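Residues per chain are reported as follows:
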Amino acid sequence: MRPVFEDLELTRNVLVADDHPICAEAMKLAISSLDGRFEVILADSIKAVQTILRERTCDTLLLDLGLADSEGLTNLTIALAVQTDLRVLIVSGSDGINIIARAARLGASGFLSKSASLDEMRSAISVVLEGGTYFPQLKDADQAADVVTDQLSPAQSRVLMELTKGYSNKIIAHELNLSEATVKSHLSAIYRILGVSNRAQAILALQEAS
C-alpha cells in the first residue's frame, strides 16, 4: 500500500546523488512508486549537488557518500550549507555504527545501507519524505557517537592521538617506532572507520565525540 502524502504541494523536488546509474535509477524508481508528484533530479557528484541546490529548492536529498569527488560525511555538511532545511537520507556502502552516528549528529535525517532491500529502501525514503528520521541501526545516536573510537585498534588509537598533535607521518613513525608505510596503513584504516577522508576530518570526528 502506498503512503499518502496529503500535505504535499503539487510537485516536490527530490535530489538523488549517486554516480552509479543502476543505484540512481533504483532510488528514482522507489521514489516514483511512493507518489507521482515527486520530481526526481539526478546528480553524479557533490559539485553537481551544490549547483542544483543553488539553482532550485529541493525537499529531500538522497546522498551517496562514495561519489567520485566525495569527501565522505563532509558531503553532508556541504549540502546542508547550501540549503539548511534540506532533509538528507544518506545511502552508503559504508554502514559502520560510527559513521551512522556521526551522520545523525551532523544533521542527516536518515541512513540507508546500499545492501538494503527495495522494500526497506521505500520505507526509509517514505519516512524521510514525510519529515521523519530513519536510523534503525541506532538506539541512541549520542551514545554511539561518544564511543567513536571504540572500533580502533590500540595501535590505530595511538596513531590518531599523535595525529591530533599535528605531527607528520614521518614524526609519528619516529614517535611510535613504526615505519612510515605502517603509519599510512593505520591512517587509511582510521579514515575508513571514522567515515572521513583526511587528517582534518579525522581530528574533527574525534573532537565531536569528546
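My aim in this report is to walk through the structure given alongside it, one point at a time. Because the structure is a prediction, the values reported are computed rather than measured.

Along the protein chain, the regular secondary structure elements total 10 helices and 5 strands. Buried positions account for 46% of the 210 residues belonging to the protein chain. On the protein chain, roughly 10,400 Å² of surface is accessible, and the fraction owed to carbon and sulfur atoms is 51%.

This part covers helix α5 (residues 118-129). Here α5 spans 16 Å end to end across 12 residues, near enough to the 16 Å set by a 1.5 Å rise per residue. Buried residues of α5: Met-121, Ala-124, Ile-125, Ser-126, Val-128 and Leu-129, and no others. Packing partners of the buried residues in α5 comprise β1 (12-17), α1 (21-34), β2 (38-43), β3 (60-64), β4 (87-92) and β5 (110-113). Looking at the residues trailing α5, positive phi occurs at Gly-131, about 95°.

Attention now moves to the pattern of salt bridges. Taken as a whole and assessed by the stated rule, the structure comprises 7 salt bridges. Across the pair Lys-114 and Asp-18 runs a salt bridge, and its minimum N-O distance is 3.0 Å. Linking Lys-114 in the loop between β5 and α5 with Asp-18 in the loop between β1 and α1, this pair joins segments that are 96 residues apart in sequence. Residue Lys-114 is classed as partly exposed on the basis of its relative accessible area, which comes to 30%. Close ionic contact of Lys-114 with Asp-64 constitutes a salt bridge, the shortest N to O distance being 3.2 Å. Remark: Asp-64 occurs in strand β3 and Lys-114 occurs in the loop between β5 and α5; sequence separation between them is 50 residues. On the basis of relative accessibility, which here comes to 3%, the residue Asp-64 falls in the buried class. Here the residues in one salt-bridge network are Arg-12, Asp-59 and Arg-87, joined through shared partners.

Thresholds, definitions, all that
- Residues numbered from 1 in each chain as written.
- Predicted model: local features only at pLDDT ≥ 70, side-chain atom pairs only at ≥ 80, totals over all residues.
- Heavy atoms only, no water.
- Helix = DSSP H or I, 4+ residues; strand = E, 2+ residues; numbered from the N terminus.
- Buried < 20%, exposed > 50% of the residue type's maximum accessible area, 1.4 Å probe, protein only.
- Areas by Shrake-Rupley, 256 points an atom, 1.4 Å probe, with all protein chains shown as cover.
- Expected span 1.5 Å × (residues − 1).
- Contact = heavy atoms within 4.5 Å.
- Salt bridge = Lys/Arg side-chain N within 4 Å of Asp/Glu carboxyl O.

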